[in-house]
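Analysis of the macromolecular model
One letter stands for each residue in the lines below.
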Amino acid sequence: MAEQSKTRVLFVEDDDVIREATQLALERDGFHVTAMPDGLSGLEAFRADQPDIALLDVMVPGLDGVSLCRRIRDESTVPVIMLSARADSIDVVLGLEAGADDYVTKPFDGAVLVARIRAVLRRFGHAGGPGAGGSPGEEALGASNGVLSFGDLEIDTEGMEVRKAGEHVALTPTEMRLLLEFSHAPGTVLSRDKLLERVWDYGWGGDTRVVDVHVQRLRTKIGQDRIETVRGFGYKLKG
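Residues numbered from 1 in each chain as written. Predicted model: local features only at pLDDT ≥ 70, side-chain atom pairs only at ≥ 80, totals over all residues. Heavy atoms only, no water.

The subject of this paragraph is the side chain of Arg219. Relative to the helices and strands, Arg219 resides in helix α9 (residues 209-222). For the buried Arg219, no salt bridge exists, and the shortest N-O distance to an oppositely charged side chain is 7.7 Å, to Asp212. Only 2.6 Å separates the side chain of Arg219 from the side chain of Thr229, close enough to count as a polar contact. Those residues within four positions of Arg219 in sequence are excluded, and the remaining contacts are Gln224, Ile227, Glu228, Thr229 and Tyr235. (Helix = DSSP H or I, 4+ residues; strand = E, 2+ residues; numbered from the N terminus. Buried < 20%, exposed > 50% of the residue type's maximum accessible area, 1.4 Å probe, protein only. Lys, Arg positive; Asp, Glu negative; His and termini not counted. Salt bridge = Lys/Arg side-chain N within 4 Å of Asp/Glu carboxyl O. Polar contact = N/O pair within 3.5 Å; in protein donor to acceptor, adjacent residues only side chain to side chain. Contact = heavy atoms within 4.5 Å.)

Printed below as a string of structure tokens:
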């Protein structure tokens, strides 16, 4: 694979053994990896290299992973995956709230990490149009050919832009895909598992906190009352 065509990965991890082993594993799978031991050097590398995806350990010195994620999100919509040592850690939620798109629990299997990276990249690569798997929302996107309106909320499905009361709303690609899933089935309850499958490309069970945090982030941008929680079932967009 030509160097310029390789997916560029920023990997920030302070444990030397994990950093070196993971870098080697990712490079064997064809990724170009820039590995940094702390948050400040990670931020510098992000700005210098403009990677395609960032993998950030939560607990790194200098600038922790959550703070680094916030800094990256202030400057870019590049996909971010957080790495956390404990699945039940509050750091997982904090990372998602900071703008991360997904997380992987350590210790992780190299093949699982690669699969998650590729899943994120697939959905980001198809954020502006129909993607692999052909979910109902994506099919509707291709056929909508226009602007969807829900009260003062307008979704331009061709230009991939959202406006609320005429003002532009900045969404990450993951938030946009989530909103598109809701907008092509207004009034229909979508379960967390279904959203994990369609938006996060999970062919297996995932952590529904990923969905909950992204829904909350989306609500803060388009209106708290626009997406309704149907207790015990999931969420739906009010028509």
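Anyway, onward from the coordinates.
Further remarks concern the sheet that holds strand β6 (residues 147-150). Strand order in the open sheet formed by four strands is β6-β7-β8-β9, with antiparallel pairing between adjacent strands. Whereas interior strands pair on both sides, the edge strands pair on one side only; in this sheet they are β6 and β9 (167-169). Averaged over all adjacent pairs, the angle separating strand axes in this sheet is 25 degrees, with direction ignored. Sheet analysis places strand β8 (residues 161-164) next to β9, joined by three bridges and oriented antiparallel. (Pairing = 2+ DSSP bridges. Axes fitted to C-alpha atoms, helices over the stretch in contact; angles between N-to-C directions.)

Across the sheet, which stays open at both edges, the five strands sit in the order β2-β1-β3-β4-β5 with parallel pairing between neighbours. Unpaired on one side and paired on the other, β2 (32-36) and β5 (102-105) mark the two borders of the sheet. Neighbour to neighbour, the strand axes of the sheet diverge by 20 degrees on average, direction disregarded. One ladder, built from five bridges, connects strand β1 (residues 8-12) with β2; its direction is parallel. Across the sheet, Phe11 pairs through a bridge with Ala35, a residue of β2.

This part is about the packing of helix α4 (residues 90-97) against α9. Following both chains from N to C, one finds α4 and α9 inclined at 40 degrees, their axes separated by 9 Å at the closest point. When the axes of α4 and α9 are compared, the crossing they make is right-handed. Here α4 contributes Val92, Val93, Leu96 and Glu97 to the contact with α9, which in turn contributes Arg209, Val210, Val213, His214 and Arg217. (Left-handed = near helix turned anticlockwise from the far one by under 90°.)

The subject of this paragraph is the environment of Leu178. Within the element layout of this structure, Leu178 appears in helix α7 (residues 173-183). Sequence separation between Leu178 and Trp200 is 22 residues; the distance between their C-alpha atoms is 9.1 Å. If we ignore the near neighbours within four places in the chain, the residues touching Leu178 are Leu195, Val199, Trp200, His214, Val215 and Leu218.

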